[in-house]
Amino acid sequence: AATESRFTLEMVLRRALEREQFVLHYQPTLDVATGQITSVEPLLRWNHPELGMVAPLEFIPLAEETGLILAISDWVLRTACLQARTWRRDVRSDLRVGVNMSARQFRQRDLVEQVAAILVTQQLAAAGLDIEITESAMMRDVELAAATTHALRELGCTVSIDDFGTGYSSLAYLKRFSVDYLKIDRSFVAGLPADANDAAIVQAVVDMADSLGMPVVAEGVETSGQLDHLTRTGCHEAQGYLISRPMPESLVTAFLLQTLDALAERA
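Now for a description of the structure that goes with this document. Keep in mind the model is a prediction, meaning the values are calculated, not measured. Per chain, the residues get numbers from 1 upward, laid out in the order the sequence is written. Confidence filtering applies because this is a predicted model: local features only for residues at pLDDT of at least 70, side-chain atom pairs given and counted only at 80 or more, and all residues used for totals across whole chains, interfaces and linings. Water and hydrogen atoms were dropped before computing side-chain values, which therefore reflect all heavy atoms in the structure.

**Quick notes on the overall build of the chain**
Helix and strand assignments come from DSSP, with helices taken as H or I runs of at least 4 residues and strands as E runs of at least 2, each series counted from the N terminus. What the chain contains, in helices and strands, is 11 helices and nine strands. Relative to the globule expectation of 18 Å for 267 residues, the C-alpha radius of gyration of the chain, 19 Å, shows essentially globular dimensions. Its C-alpha atoms give the chain principal-axis dimensions of about 55 × 45 × 35 Å. Partly exposed residues are those whose accessible area sits between 20% and 50% of the maximum for their type, while under 20% is buried and over 50% is exposed, using a 1.4 Å probe and protein chains only. Within the chain, the fraction of its 267 residues that count as buried is 51%. Here a residue-residue contact requires only that any non-hydrogen atoms of the pair lie within 4.5 Å. Nonlocal contacts in the chain, meaning residues at least 24 apart in sequence, comprise 68% of its contacts between residues at least 6 apart. We compute the radius of gyration over the C-alpha atoms and compare it with the globule rule, which gives 2.2 Å times the number of residues raised to the power 0.38.

**Things to note about unusual backbone geometry**
Look at the link from Leu 192 to Pro 193: it is a cis peptide, with omega at 0°. Residue position: Pro 193 is located in the loop between strand 7 (181-184) and helix 9 (196-212). Non-glycine residue Glu 20 carries a positive phi angle of around 55°. Take Glu 20: it is sitting in the loop between helix 1 (2-18) and strand 1 (22-31).

**Some words on helix 10 (residues 224-233)**
Every buried residue of helix 10 is accounted for by Gln 226, Leu 227, His 229, Leu 230 and Thr 233. Taken end-on, helix 10 shows its buried residues confined to a sector of 165°, consistent with a single buried face. The inward-facing, buried residues of helix 10 abut helix 9, strand 8 (216-218) and strand 9 (237-239). A positive backbone phi angle near 100° is found at Gly 234, which sits one or two residues after helix 10. Arc definition: directions from the helix axis to the C-beta atoms.

**Regarding the nonpolar core**
Residues belong to a common nonpolar core when they are buried Ala, Val, Leu, Ile, Met, Phe, Trp, Tyr or Cys residues joined through side-chain atoms within 4.5 Å. Val 115, Leu 129 and Leu 182 are the most contacted members of the largest nonpolar core, which totals 79 residues. Considering each element in turn, this core owes the most residues, eight residues, to helix 3 (residues 69-90). Among all residues touching Leu 182, those that are not within four sequence positions of it are Ile 161, Phe 164, Leu 174, Val 205, Met 208, Ala 209, Met 214, Pro 215, Val 216 and Val 217.

Encoded structure:
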């Protein structure tokens, strides 16, 4: 019965991919010093014809288990790169799109070649793509992760460690990974500014990242108090509901233009 149920769910997911039921919503990231939007992160949604929008937590684990995550991740990367090309052409020439990679996708031996081919096909400059990978996924094969991140940066992409602080990586390995950004997990931001432990951890991460030349992006920023505290600690960028909830591409375009207009008026 379990095998039959899994097979049915796998077929439903495969059909969703074939029938283009997946959509991307995008969440902007703010440069806290300049007020500019530096990047957008595509977040996957399943627009089910009967259930409506299905959250990733409800289907990504199955996609990982069945191997469909590779086909879905490829679609996400292609779609996000194509959209990023449009935004860089029409709105901001230096905007990045930060695409999360699954552990399974990141471990592919030909990943860098795949990324390079997609960039060419979608006509996106490599500087417009930021690859996000969790530290726990990188630690599964340190040698491969180090080689892959280095090759992606050689290609011209940027690389971010996502959910930093929640994995089990050693600081001794951090300097080996060729990365550009650290994204500190929302669990350390939630208690700011009142929680002294969260404040100490965030400050320590920012100080360490500064010494390594890595800007820090805080995830899950939901209040002005959190943003003010992060600004004082020297955090470089922020992402969360305070800046914007994830939006369809059409609303993101309007949001980016509105942000540019506000900066122009301030200048």
